[in-house]
Amino acid sequence: MTSRTVTLLDVARAAGVSKSTVSDALQGSGRVAKATRERVRAVAEELGYRPNSAARRLRRSSTGAIGLHLPQTATRLDYYMNLAFGAVARAQEEGLDVVLLAPAGGASGRVASRVDGLLVIDPEVGDSAVPGLLDAGVPVVTGERYLGPAAAPSGAVICDNAASLTALLDHVTERGARHPAVLAPAGTSAWATALRATAASWGQEHGVAVALRTVPFAATPQEAEETTLALLRTDPAVDAVICAPDGAAPGVLRAAATAGRTVGTVSDRTAGSTTSDRTAGSPTSGRTAGSTTSGRTGEAGAHPRTPLLVASCVDGTATRSAEPPVTAVDLRPAAYGRACAELLCDILAGRTAPDTVRRHAWALETRASTAPPR
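None of the values given here were measured: they were computed from a predicted structure. (Residues numbered from 1 in each chain as written. Predicted model: local features only at pLDDT ≥ 70, side-chain atom pairs only at ≥ 80, totals over all residues. Heavy atoms only, no water.)

Trainee: Go over the overall build of the protein with me, naming the residues and quoting the values.
Mentor: Counting its secondary structure elements, the protein contains 13 helices and 14 strands. In the protein, which comprises 374 residues, the share counted as buried stands at 53%. Looking at the protein alone, contacts between residues at least 24 apart form 67% of all its contacts between residues at least 6 apart. Summed over all atoms, the accessible surface of the protein reaches about 15900 Å², with 51% contributed by carbon and sulfur. (Helix = DSSP H or I, 4+ residues; strand = E, 2+ residues; numbered from the N terminus. Buried < 20%, exposed > 50% of the residue type's maximum accessible area, 1.4 Å probe, protein only. Contact = heavy atoms within 4.5 Å. Areas by Shrake-Rupley, 256 points an atom, 1.4 Å probe, with all protein chains shown as cover.)

Okay, here's the thing in structure tokens:
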């Protein structure tokens, strides 16, 4: 192995420590034990590791900036814009500017020469820029974990995404749903992967057939509408739709209207009972798939007035201003961006040890799309 091919990750693997520990040991920073620091330096010398010029400049002085890498779909989603504003606000308190990196990324050396550290948000395995950013020679904090094979970040801020979808599924079940559906995001981010896995595991645990449909990570309302219409036509027993992508839930509401499905709570349902037409938000009793109903019959025997519960995995302007307003998980994106920037600032300042993982809290906001009538 030549000096031109040796990276921090090579040294970390040979020394049996993390990449961030190697970086701190070689730069004389962080909280690294003396014995570990000496071992890392010995391994680096043996392998012939040589830091690049950008890294040497970073050891001598600060650039006064951190980099922010967002998914390529970020400009279309309110969630990431709010997250970015939160990160900028926290960095400014530390006297740091934030450099928004181009979605395509760039050579890690060029990135490292411009910033003291990096925030990499919702890293996708399929994003070719991420491995280079993780091995750029500066501290890196990820928003959610990176599931691909690359250098470990210096820290991470994570949400319990499995718990948030579980809360939504439990909620619609408590409101009377017996055949929920999830429009889960495609992609290889930790968020998307967790939602797809949770939809399947929750159904197995509860003995419920969860109708899982995959939509684009940043699905538009139109894409959500088309997917929901197809779902309701092929599976008319569906009585709740949980839409994952940010801003796409209004498309589910439009699909419900097109299919003649009112949006609101389903309650007190028993097999073989009858129901009457209802308006959005009013109670319906005793309905199950295949039960008899009054009024006209829709496609595949489904009653067009059967209530449909609607919820979203991401709260935002679209869910709050919809008619009816949509129950959603508030991921608190501005606070999340702030938490990511704070962890990176703490690592840069030596206030927090590398390899720190912090958790970010979410909240379930129940609204008229699933709430009982007043």
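Trainee: Explain the nonpolar core residue by residue, including any values.
Mentor: One recurring pattern in soluble globular proteins is that nonpolar side chains are buried together. Counting 48 residues, the largest nonpolar core has Tyr-80, Leu-119, Ile-121, Leu-165, Val-182, Ile-242 and Cys-313 as its most contacted members. Of all the elements, helix α13 (residues 333–348) adds the most residues to this core, at seven residues. Sequence-distant contacts of Tyr-80, that is, excluding residues within four places in its chain, are made with Leu-70, Pro-71, Ala-74, Ile-121, Asp-122 and Phe-217. The next biggest cluster of nonpolar side chains, apart from the first, holds 21 residues, and it includes Leu-231, Leu-308, Val-310 and Ala-322. (Core = buried A, V, L, I, M, F, W, Y, C linked by side-chain atoms within 4.5 Å.)

Trainee: Go over the packing of aromatic side chains with me, naming the residues and quoting the values.
Mentor: Applying the stated criterion across every chain, the model contains two aromatic pairs. With a centroid separation of 5.4 Å and 80° between ring planes, the pair formed by Trp-191 and Phe-217 is classed as edge-to-face. With a gap of 26 residues between them, Trp-191 in helix α9 (residues 190–206) and Phe-217 in the loop between β7 (211–215) and α10 (221–234) connect regions that are remote in the sequence. In terms of burial, Trp-191 and Phe-217 fall into one category: buried. (Phe/Tyr/Trp six-rings, centres within 6.5 Å; stacked < 30°, edge-to-face > 60°.)

Trainee: Before we move on, could you go through unusual backbone geometry and cite the residues and values that matter?
Mentor: Following Glu-323, the chain continues to Pro-324 via a peptide bond in cis, the omega torsion being 0°. A positive phi is found at Glu-144, a non-glycine position, where the angle reads about 80°. With respect to the element layout, Glu-144 can be found in the loop between β4 (140–143) and β5 (155–158). Phi is positive for Asp-355, which is not a glycine, with a value near 70°.

Trainee: Kindly report on the environment of Leu-364, identifying the contributing residues and their values.
Mentor: Mapped onto the elements, Leu-364 comes out in strand β14 (residues 363–365). On the basis of relative accessibility, which here comes to 29%, the residue Leu-364 falls in the partly exposed class. Considering only alpha carbons, one finds Leu-364 and Asp-330, 34 residues apart in sequence, at a separation of 6.1 Å. In contact with Leu-364, other than residues within four places in its own chain, are Ala-167, Leu-168, His-171, Thr-327, Ala-328 and Val-329.

Trainee: Hey, could you go over the sheet that holds strand β8 (residues 240–243) for me, with residue numbers and the actual values?
Mentor: Here six strands make up an open sheet; going across it, the order is β7-β6-β8-β11-β12-β14 and the pairing mixed. Each having just a single partner strand, β7 and β14 make up the two edges of the open sheet. Each strand axis lies, on average, 20° off the axis of its neighbour in the sheet, ignoring direction. Where β8 meets strand β11 (residues 309–312), four bridges bridge the pair, whose relative direction is parallel. Within β11, the position partnered with Ile-242 by the bridge is Ala-311. Helix α8 (residues 161–174) rests against β6 (180–185), β8, β11, β12 (327–330) and β14 of the sheet, and its axis sits at about 160° to β8. (Pairing = 2+ DSSP bridges. Axes fitted to C-alpha atoms, helices over the stretch in contact; angles between N-to-C directions.)

Trainee: How would you summarise the pairing of β6 if you had to cite specific residues and measurements?
Mentor: Consecutive side chains of a regular strand alternate in pointing toward one face of the sheet and then the other. Along β6, six of the six residues are buried, which leaves the element largely enclosed by surrounding structure. One ladder, built from four bridges, connects β6 with β8; its direction is parallel. The residue of β8 that forms the bridge with Pro-180 is Ala-240. Looking at chain direction, β6 and β7 are connected through five bridges and run parallel. Within β7, the residue paired with Ala-181 across the bridge is Ala-211. Taken together, β6, α9 and β7 constitute a β-α-β crossover, and its handedness is right-handed. (Right-handed = clockwise from strand over helix to strand, strands pointing away.)

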